[in-house]
Amino acid sequence: MSPPPARPTSKTGSETQPPDAFAPDAFQDSSSGFFHHVWGWFEATVKHLQLRALLAMLEAREAGSHFAVIAGLLVGALIVGVFAYVFLILTAVFALAEWMHGDLVWLKITAGATALHLLLAVVLVLMAKARLKAGVFEKTKEEFKKDILWPKTPTHPRPPTS
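Conventions adopted
Residues numbered from 1 in each chain as written. Predicted model: local features only at pLDDT ≥ 70, side-chain atom pairs only at ≥ 80, totals over all residues. Heavy atoms only, no water. Helix = DSSP H or I, 4+ residues; strand = E, 2+ residues; numbered from the N terminus. Buried < 20%, exposed > 50% of the residue type's maximum accessible area, 1.4 Å probe, protein only. Axes fitted to C-alpha atoms, helices over the stretch in contact; angles between N-to-C directions. Parallel < 35°, antiparallel > 145°, perpendicular 65-115°, else oblique. Left-handed = near helix turned anticlockwise from the far one by under 90°. Contact = heavy atoms within 4.5 Å. Nonpolar A, V, L, I, M, F, W, Y, C, P; charged D, E, K, R; others polar. Phe/Tyr/Trp six-rings, centres within 6.5 Å; stacked < 30°, edge-to-face > 60°.

Undergrad: Just checking my understanding: could you explain unusual backbone geometry for this structure?
TA: The general pattern is negative phi for most residues beyond glycine and trans for most peptide bonds. Its identity as a non-glycine residue notwithstanding, Leu 104 has a phi of 55°, on the positive side. Along the chain, Leu 104 turns up in the loop between helix H1 (34–99) and helix H2 (105–133). Residue classification places Leu 104 among the exposed positions, given a relative accessible area of 54%.

Undergrad: In this structure, what is going on with the packing of H1 against H2? I would like to understand it.
TA: Between two packed helices, what matters for the description is the angle formed by their axes and the separation of those axes. Two elements in contact, H1 and H2, have axes whose closest approach is 9 Å; the angle formed by their N-to-C orientations is 140°. Put simply, H1 runs oblique to H2. Regarding H1 and H2, the two cross each other, and that crossing is right-handed. Only Val 105, Trp 106, Ile 109 and His 117 of H2 make contact with H1, whose side of the interface consists of Tyr 85, Ile 89, Val 93, Phe 94, Leu 96 and Ala 97. Of the residues that constitute the contact of H1 with H2, the class distribution is 9 nonpolar, 1 polar and no charged.

Undergrad: Would you mind going over the packing of aromatic side chains with me for this structure?
TA: Two aromatic rings, taken as a pair, are described by how far apart their centres are and by the angle between their planes. Overall, the coordinates contain 3 aromatic pairs when judged by the stated rule. Here the aromatic rings of Phe 34 and Phe 35 are separated by 5.5 Å at their centres, their planes lie at 70°, and the arrangement is edge-to-face. Looking at Phe 34, the relative accessible area reads 61%, which means it is exposed. Overall, Phe 35 belongs to the exposed group, its relative accessible area being 63%. Look at Trp 39 and Phe 42: their rings are 5.6 Å apart centre to centre, the planes differ by 45°, and that puts the pair in the tilted class.

What follows is the structure, encoded as structure tokens:
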């Protein structure tokens, strides 16, 4: 059995409208056979899935551009923040050097700032390492364990989760 012929798109004014995915075909009559009805159901399902995929694609494109703009703004803010931090450190070094008159004062202040930043970096890495050891999706794992155990204990009904 050959598939039904495709219908052309209808034109209203100057814009082209897609064909209605769920409109009954004009050539179908009530005496069509079982396989023709099955084919129509299959065709309608495929059209429905195509339209859902098209909608998901359009929404993904819109969301992607939305989040790309947000990401660009955050990267710009990060760059400006790094420059502000560098200028703040330079200002502090110049202020300390002006305040402390002495031999090799620039070297001492720069070494101190470097040591302070290295210490802060080590502390942040250790904090990240500690958080990395902590499990992720713990509540989801607990819910999955409850779901697995629930059929084995039918006398205790599963409470609704919200």
